Amino acid sequence: MGISKHLSLALLLLFLPAVYSIGVNYGTLGDNLPPPSQVAHFLKSRTIIDRIRIFDVNPDIIKAFANTGILVSVTLPNGEIPSLTDPRNARRWIDTNIKPFYPATKIHYICVGTEVLHWGPQNLIDNLVPAMKVLHAALVKEGFGDIKISTPHSLGILLSSDPPSNASFRPGWDVGSLAPMLEFLKETKSGFMVNPYTYFGYSPANANFCLFKPNAGLFDKATGITYTNQFDQLMDAVHVSMKKLGYPDVEIVVAETGWPSGGDPANVHANPVNAAAYIGGLMKKVNSGDGTPLMPGRKFETYIFALFNENLKGPSLDEKNFGLFRPDLTQVYNVGIEHAPLVIFFSDVSFD
């Protein structure tokens, strides 16, 4: 015997499946940002963002992402790097900043500092790789070996990136810091983190090259490759530099990249149209699996900079306007990061 149920104008909200997934840098330099619990709920329920990176070990943020399934990468401040070369200090740091939250919060990476080689001082540079090794050993001892260790770099680590075939790391950093770091990352199956901003390479003459738009391209005579966008050029320059040190197969993680939707009057290229073009092209690129000319078939774990416009950043207006969202959680521009709800009406439908 069948059972009939009648639905009259029942409204179902179904979210379209995400074609892409992407990470985002969740900065907090604003006095008008929503609370972490609201942010976590919004990202899980309304966006395709499946991983975040924060610039500290803020316990409120880490706790807010518990049981969301969203991967969280945290950052150890630059100034704490020397102390973490002591195993006892590393264990205490983990006990305070990781153990209370993991595994309920899926902590993915611990970033040991940010752009340390670029900013220095030498004491931090000298202690960077030792601290990474000690922290990793402490994680393994604690049973947290799934958490990876890395450190993000500005592309100031490159001596040159044009053309990519001629790229190399800066002398001194190459053998002194980057070779032992790449060896560690290879051993621990962790990614080499870089911050490729095509925004900072912009000029009116190469606007389309920076923005994934049709252009004449950049020809590399040594390889015969014509680069159609600057992102590929920069990523292949990093790859060539790694290969010259003997580490071509270490994965590359895009720890930061973005484009501001507004800026100082002189920076007319900082606008929503360009921001949407860059971020839209980036998402298509890193999710396609096409890779780059020298790294075909690769997908790149990628974190857009940034989640929010942050009104306490500066001094330039550009720095305040890298966000995908405003503090009220409305989109600055639409590139498909927020789900579009699909509304379906059923009228007098019976199920037997």
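Quick notes on the rules
Residues numbered from 1 in each chain as written. Predicted model: local features only at pLDDT ≥ 70, side-chain atom pairs only at ≥ 80, totals over all residues. Heavy atoms only, no water. UniProt positions renumbered as here; feature names shortened; annotations may be inferred. Phe/Tyr/Trp six-rings, centres within 6.5 Å; stacked < 30°, edge-to-face > 60°. Helix = DSSP H or I, 4+ residues; strand = E, 2+ residues; numbered from the N terminus. Buried < 20%, exposed > 50% of the residue type's maximum accessible area, 1.4 Å probe, protein only. pLDDT = per-residue confidence, 0-100. Contact = heavy atoms within 4.5 Å.

The name an unreviewed UniProt entry gives the protein is glucan endo-1,3-beta-D-glucosidase, with Cynara cardunculus var. scolymus as the organism. For the record of the protein, the UniProt heading Catalytic activity (unreviewed entry) holds the text "Hydrolysis of (1->3)-beta-D-glucosidic linkages in (1->3)-beta-D-glucans."

A.B. asks: Summarise the packing of aromatic side chains; cite the residues concerned and give the values.
C.D. replies: Aromatic ring pairs are defined here through the distance separating the ring centres and the angle between the ring planes. All told, the structure shown has 17 aromatic pairs when counted by the stated rule. A centroid spacing of 5.0 Å and a plane angle of 80° characterise the contact between Tyr199 and Trp259, whose relative ring orientation is edge-to-face. Of this pair, Tyr199 sits in the loop between β10 (192–195) and α7 (207–210) while Trp259 sits in the loop between β13 (252–257) and α9 (272–288); the two residues are 60 residues apart in sequence, bridging distant segments of the chain. As far as the burial class goes, Tyr199 and Trp259 line up, both buried. Ring centres of Tyr199 and Phe322 lie 6.0 Å apart, and the angle between their planes is 85°; on these two criteria the pair is classed as edge-to-face. In this pair, Tyr199 sits in the loop between β10 and α7 while Phe322 sits in the loop between α10 (317–320) and β17 (341–350), placing the two residues 123 residues apart along the sequence. A relative accessible area of 2% means that Phe322 is categorised as buried. Here a set of aromatic residues connected by ring pairs shows up, and it is made of Phe55, Tyr197, Tyr199, Phe200, Tyr202, Phe212, Phe231, Trp259, Tyr278, Phe305 and Phe322.

A.B. asks: Give a description of the confidence of the model for the protein that names residues and reports values.
C.D. replies: On average, residues of the protein score 92 in pLDDT, and 91% of them reach the 70 mark or higher. Across residues 1–18, where pLDDT falls below 50, the model places 42 contacts with residues more than four positions away in sequence or in other chains. In this model residues 344–352 is a low-confidence stretch, pLDDT under 50, and it forms 26 contacts with partners more than four residues away in sequence or in other chains.

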